[in-house]
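Letter by letter, the chains look like this.
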Amino acid sequence: MDAQSMKPAPQIALIAVTQKGVERAQHLRRSLKTGEVYRPARYGPATAAWDRPYDTALAPQVAGWFAQYDHLVFFLATGAVTRLIAPCLDAKTTDPGVLTVDEAGRFVIPVLSGHQGGANAFARTIAGYLGATPVITTASDVIGGLSLDLLEETLGWVAEPAERLKAAAMALVNQEPVAIIQEVGSPGSWLNAWELPPYVTWVARVSDLPSQSFSAVLWITDRLVEDCCGLDTERILWFRPPSVVLGVGCERGIPLTALEDGLEHFLRQAGYARASITALASLDRKADETAMVELAQRSGWQTFFYGAGELAQVTGIARPSSAVERCVGTPGVAEPAALLAAQAERLLAEKQVVASTLAPQRMTFALARLATAEDSPPALGKVIFIGAGPGDPELLTLKGRRLLAQADVVIYAGSLIPEAVLQYAPATATIHNSAPLTLEQVMEIMLTAVQAGKQVVRLQSGDLSLYSAIQEQMALLDEAGIDYVAVPGISAFQAAAAALHSELTIPEVVQTIILTRGEGKTKMPDGESLAALAAHRASLCIFLSARLSRTIQEQLLTAYAPETPVAILYRVSWPDEKIIVTRLQDLHSEIRKHNLTRTTLILVGEAIGSRKNRSRLYHTTHAHIFRRRGRARKSPPA
């Protein structure tokens, strides 16, 4: 039952023409451990699976590469590359990242799709391997990472009116005076924590702006502002953060047109922007109200529906109604629903009863601001622990990636985290590899940076809850009174199950997963020996123990059968990932055969590769709140 598989490499093409360029491309491929090298066949036959000699001319092949790969790295002059890719250009949302490396290997230049194609970040990665200088020319990178066209994508902000984006971006590029007024923000979105250029003035209130002329004003607020304090309204680009929850109550059968009309009237009266609404909340009896559901769906809002008992417990209601309480058992619907969904203590806009000329039914609306969206910037200087996942940069969580992109200082476990993950760090960040450092040295870096008002990201491999050694760091931060947060990551055992196409729980076979390690220098507590845990016959995930394979095999054989499936995963999700599926009786010999030591995970149990048994959840005879019971049918064969 031996099997070994390799995960396909990321879609990267390294393209060279000259002998020197071919040598550098091959060197980069060996460093990246991913990608394919395209070069003229005159330099000899292929020497590796990734070595792709070609006999035809270069130009006709570019269109195919352009459509196939995520990154094209040319070891050619920038002018030549520009002419080669010109016929292929489509849009910045679809074009791949295109980079050039000069003949001497001194500079790496992103030519195309610097932001959305990831060429700027990849240029820094390549430069690190080649000992070269990344030449980033994208204006927003040069001015410190403020990219207006990505604020909506990254932070969820909506720009109004969108046609002013270009003028505001041009003002930044030309280094003209630009004002940022940020009235509201969530953790990580306060722009005063970003490295802004000297010609950008950030304030939390318009009254704090200095008396001067600005070429553009970026005003981040969920309010409909009437008094712009003398600012030229034609130069204001409004950014609407997703910060508001809309509480709704309405009479049965109200048409969507009337509900929309009433909402617009309410928002004008309350003075808040519809673009900042992120969720709709109401009574659970309204979960089937067609107009309400359609309003949320068309607007892209999340929905929350609560029982009357839940709403009756909410405090902070401004306008309770005895009539509503008699009818549904709660003194309010719109107000408590908004507060509950927003996890807020006070309302942003009290309930209003609204009527529309389009229908006889009445409706009520109220607003609450999300508890995570604050109207004052937090104190600067913080440590953020991030689980970086098992290795694949794309398995970093969205939140982790966003916070990493805002870091001033990054400390990463270099022995366990590939440098490709660092492509998401800003070019201005100071990066430290913690592999050769002691705990005291790591803490000195953290404390110095935080005291200087900087954001520190501590990257740990996998998920923070497993073998990450963060407790000792947190204890010292607590002693120093330093604020910190933790962002979970994807564990290697989850990546392993995905790579094996295996669910680690099988109905009526195994319903328990045990995460553990063998006993080496770190002693195991009483009752947690592998022999004791093996007695449960659960799905066993053994970390950090490849060097102990003989002992592990002996201990597991005290409970598991010799033919029990075993998966050995070396650097799962990395470009050089190895997956070996074998039997328990061959565990030690396979690890010795492949010379596996560090970064190896061992999975043991009947669930590996199993397709046994059927879940009751989707069985025709199993009913639940979303599906009625059907007649029993014969189950298909496993």
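Check the entry above for the structure.
These figures come from a predicted structure and were not determined experimentally.

J.: Describe the overall build of the protein, and please don't skip the residues or the numbers.
T.: The helix and strand tally for the protein stands at 19 helices and 28 strands. Looking at the 638 residues of the protein, the share that counts as buried comes to 49%. In the structure as shown, the protein presents an accessible area of about 30,800 Å², 51% of it carried by carbon and sulfur atoms. Both charge centroids of the protein, one from 59 positive and one from 63 negative side chains, sit 7 Å from each other.

J.: Explain the sheet that holds strand β22 (residues 455-460) to me, and be specific about the residues and the numbers.
T.: Taken in spatial order, the 5 strands line up as β21-β20-β22-β19-β23 in an open sheet, and their pairing is parallel. Each end of this open sheet is capped by a strand with a single partner; those strands are β21 (430-433) and β23 (484-487). Sheet twist, expressed as the mean angle between neighbouring strand axes with direction ignored, is 15°. Pairing geometry for strand β20 (residues 409-412) and β22, over 4 bridges, is parallel. Among the inter-strand pairings, Val410 is bridged to a residue of β22, identified as Val457.

J.: Explain the sheet that holds strand β3 (residues 36-40) to me, using residue names and the numbers behind them.
T.: Taken together, the 7 strands give an open sheet; going across it, the order is β4-β3-β2-β5-β6-β7-β8, and neighbouring strands pair in mixed fashion. On the outer flanks of this sheet lie β4 (51-54) and β8 (133-134), each paired with one strand and no other. As paired strands, strand β5 (residues 71-75) and strand β6 (residues 97-101) are joined by 4 bridges and run parallel to one another. Each residue of the ladder has a partner; that of Phe74, found in β6, is Thr100. Along the sheet, helix α1 (residues 19-32) makes contact with β2 (12-16), β3, β4 and β5, crossing β2 at roughly 160°.

J.: Give me the lowdown on the pattern of salt bridges, citing residues and values where you can.
T.: The final tally for this structure, using the stated rule, is 21 salt bridges. Ionic pairing is found between Glu23 and Lys20, a salt bridge with its closest N-O pair at 3.9 Å. Placement of the pair is Glu23 and Lys20 together in helix α1, with a separation of 3 residues, close to one helical turn. Given a relative accessible area of 39%, Lys20 falls into the partly exposed group. The residue Asp288 makes a salt bridge to Arg252 at a minimum N-O spacing of 3.1 Å. Residue Asp288 is found in the loop between β15 (277-283) and α9 (290-299), and its partner Arg252 is found in the loop between β14 (244-250) and α8 (256-270); the two are separated by 36 residues along the sequence. A residue is classified by how much of its surface remains accessible, and Asp288, at 55% relative accessible area, is exposed.

J.: Give me the side chain of Gln61: which residues, what numbers.
T.: Relative to the helices and strands, Gln61 is located in helix α2 (residues 59-68). Those residues in contact with Gln61 that sit more than four places away from it in its chain are Tyr54 and Thr56.

Cut-off values and rules
Residues numbered from 1 in each chain as written. Predicted model: local features only at pLDDT ≥ 70, side-chain atom pairs only at ≥ 80, totals over all residues. Heavy atoms only, no water. Helix = DSSP H or I, 4+ residues; strand = E, 2+ residues; numbered from the N terminus. Buried < 20%, exposed > 50% of the residue type's maximum accessible area, 1.4 Å probe, protein only. Areas by Shrake-Rupley, 256 points an atom, 1.4 Å probe, with all protein chains shown as cover. Lys, Arg positive; Asp, Glu negative; His and termini not counted. Charge placed at Lys NZ, Arg CZ, Asp CG, Glu CD. Pairing = 2+ DSSP bridges. Axes fitted to C-alpha atoms, helices over the stretch in contact; angles between N-to-C directions. Contact = heavy atoms within 4.5 Å. Salt bridge = Lys/Arg side-chain N within 4 Å of Asp/Glu carboxyl O.

Purely geometric stuff here, so don't read any function into it on its own.
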